[in-house]
Every structure is written in structure tokens, then in C-alpha cells.
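Residue-level structure breakdown
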Amino acid sequence: QVQLVESGGGLVQAGGSLRLSCVASGSIFNINAMGWYRQAPGKQRELVGLISSSGMTRYADSVKGRFTVSRDNAKNTVYLQMNGLKPEDTGVYYCYAQKVVGGVQYWGQGTQVTVSS
């Protein structure tokens, strides 16, 4: 199995930036997509951004142009650079990984991001 541990969340002012990190450990082979989801209070969990093993990315429309997902394969780490943060970005951000075989999914415990207006 795969363990995902997020870090880097915090409280920032609107317009500020944060960089989240997620380190994968365990049976990390055969991981294809990695990335980030988030869940705001009272709302469903939603996609933020994903990145494949080859570097292809996908983002939610609400974060395009502001957030960037990247990977460091040598460190088994995925990052989320968040710029121009807005209050509506507030929520718990979850690291995500998917294996090629069977599409098995793994989730981190989440890290809180709070953006004040």
C-alpha cells in the first residue's frame, strides 16, 4: 500500500501564496497520477489538480492560472504551488495517488488551508 503525508498548509491573507508538499512512501511503484483535491466546509470534495507520470496536468477551472502541480520523482513527492489565493480556496487539501493496476486510489490525511479576506 501507499502512504501519503501532506504538509505546508496554513493561514494566509487573500492574494498570498502557499506551497503544499506530499511525500509518498510504501509500495510506490506503478503510481500513475498524483495530485490534490480539496474540501471546503459544507461542500463536496473536488479536484484541484493532477499530474501524470509523464508530466501531463489537469486543473479545476477555478484554479487555472493560479495553482501549479509538480512532481519530484526522485523524492517521491508531489507539490501544489498556490498563488493569488482567494477566500473560496479555503478548505482541507488532500494528496491523492492512483496506481495503474486496477486504478487503486490512495489519500493523505489532509492539510488545512485558510485564506482570510
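Presented here is a report on the structure given in the accompanying data block.

What counts and how
Each chain has its residues counted from 1, following the order in which its sequence is written. The predicted nature of this model means local features are confined to residues of pLDDT at least 70 and side-chain atom pairs, given and counted, to a pLDDT of 80 or more, with totals for whole chains, interfaces and linings taken over all residues. Side-chain calculation: all heavy atoms of the structure are included, whereas hydrogens and water are not. Between the rings of Phe, Tyr and Trp (Trp by its six-membered ring), a pair exists once the centres lie within 6.5 Å; its type follows the angle of the planes, with under 30 degrees stacked, over 60 edge-to-face, and the other angles tilted. Labels follow the DSSP assignment, with helices taken as runs of H or I lasting at least four residues and strands as runs of E lasting at least two, numbered in each case from the N terminus. For a ring to carry a charge above it, either NZ of a lysine or CZ of an arginine must fall within 6 Å of the ring centroid while also lying within 35 degrees of the normal to the ring plane. In plain terms, two cysteine sulfur atoms within 2.5 Å form what is called a disulfide here. Here's how the labels work: a residue is buried when its accessible area is under 20% of the maximum for its type, exposed when over 50%, partly exposed in between, all with a 1.4 Å probe on protein chains only. Remark: nonpolar core denotes a set of buried residues (Ala, Val, Leu, Ile, Met, Phe, Trp, Tyr, Cys) joined through side-chain atoms within 4.5 Å. It only takes one pair of heavy atoms within 4.5 Å for two residues to be counted as in contact.

Quick look at the packing of aromatic side chains now. Going through the model one piece at a time under the given rule, you end up with three aromatic pairs. For the ring pair Tyr37 and Trp107, a centre distance of 5.0 Å and an interplane angle of 65 degrees mean the geometry is edge-to-face. Highlighted residues: Tyr37 in strand E4 (residues 31-39) and Trp107 in strand E10 (residues 105-107), separated in sequence by 70 residues. Sitting over the face of the ring of Tyr79, Arg19 holds its NZ or CZ atom 4.0 Å from the ring centroid. Here Arg45 stacks its cationic end above the ring of Trp107, 4.6 Å away from the centre of that ring.

This structure, assessed with the given rule, holds one disulfide. Two residues, Cys22 and Cys95, share a disulfide whose sulfurs are 2.0 Å apart. On the sign convention where negative means left-handed, the S-S torsion of about -90 degrees between Cys22 and Cys95 marks this disulfide as left-handed. Of this pair, Cys22 sits in strand E3 (residues 18-26) while Cys95 sits in strand E9 (residues 91-99), placing them 73 residues apart in sequence. Assessed through its relative accessible area of 0%, Cys95 is described here as buried.

Turning our attention to the nonpolar core. Taken as a class, soluble globular proteins show a tendency for nonpolar side chains to be buried jointly. In terms of nonpolar packing, the biggest core is built from 27 residues, with Leu4, Trp36, Phe67, Val78, Leu80, Met82 and Tyr93 touching the most fellow members. Sorting the residues of this core by element identifies strand E1 (2-7), E3, E4, strand E5 (46-51), strand E7 (67-72), strand E8 (77-82), E9 and strand E11 (111-116) as the ones contributing at least two each. Looking at this core element by element, the count peaks at four residues for E3. Apart from residues no more than four positions distant in its own chain, Tyr93 is found in contact with Glu6, Leu20, Trp36, Tyr37, Arg38, Val48, Phe67, Leu80, Met82, Gly110, Thr111 and Val113.

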